[in-house]
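# Report on the structure
Residue-level listing of the chains:
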Amino acid sequence: MRKELDVMARLNELEVARLSEEQIKRLQETEKLINAAGNQDIYLLALKKNSPAKG
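Fair warning: this is a prediction, and the values are worked out from it, not measured in the lab. (Residues numbered from 1 in each chain as written. Predicted model: local features only at pLDDT ≥ 70, side-chain atom pairs only at ≥ 80, totals over all residues. Heavy atoms only, no water.)

## Details of the confidence of the model for the protein chain
Put simply, the rule reads: Residue-level confidence of the predictor is what pLDDT reports, using numbers from 0 through 100. Helix numbering and strand numbering both begin at the N terminus, where a helix is a DSSP run of H or I of at least 4 residues and a strand a DSSP run of E of at least 2.
Looking at the protein chain as a whole, its pLDDT mean stands at 88, while 95% of the residues score no less than 70. Looking over the protein chain, one finds the lowest element-wise mean pLDDT in helix α1 (residues 2-11), namely 81, and the highest in helix α2 (residues 21-37), namely 95.

## Structural notes on the side chain of Glu31
Put simply, the rule reads: Each residue's exposure class comes from its accessible area (1.4 Å probe, protein chains only) as a fraction of the maximum for that residue type: buried when under 20%, exposed when over 50%, partly exposed otherwise. Only four residue types enter the tally: Lys and Arg on the positive side, Asp and Glu on the negative side; His and the chain ends are excluded. By salt bridge we mean one thing: a side-chain nitrogen of Lys or Arg within 4 Å of a carboxyl oxygen of Asp or Glu. When checking whether two residues touch, look at their non-hydrogen atoms; a contact exists if any pair is within 4.5 Å.
Structurally, Glu31 is set in helix α2. One buried charged residue, Glu31, remains without a salt bridge, the closest side chain of opposite sign being Lys32 at 8.2 Å. Discounting residues that sit within four places of it in the chain, Glu31 has contacts with Ile42, Tyr43 and Leu44.

## Some points on the pattern of salt bridges
Counted under the stated rule, the structure contains two salt bridges. Salt-bridge contacts for Asp6 lead to Arg2; the nearest nitrogen and oxygen are separated by 3.8 Å. Of this pair, Asp6 and Arg2 both sit in helix α1, four residues apart, which is roughly one turn of the helix. Relative accessible area serves as the criterion here: at 35%, Asp6 is assigned to the partly exposed category. Residue classification places Arg2 among the exposed residues on the basis of a relative accessible area of 60%. Across the salt bridge formed by Lys48 and Glu15, the nearest N and O atoms sit 3.8 Å from each other. Of this pair, Lys48 sits in strand β2 (residues 47-49) while Glu15 sits in strand β1 (residues 14-16), and the two are 33 residues apart along the sequence. Looking at Lys48, the relative accessible area reads 38%, which means it is partly exposed.

Printed below as a string of structure tokens:
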């Protein structure tokens, strides 16, 4: 349970990264390589740390 809470706390520090078309293409190519190696459909998500609040 403690590990799950730590993971959730860290996820709160992240946001979905905006990617260029080239970065999206590379991410999709990586998904294809991973999926070709196994029997699962894997989807990758690009995350980045939240920007600190300006105040």
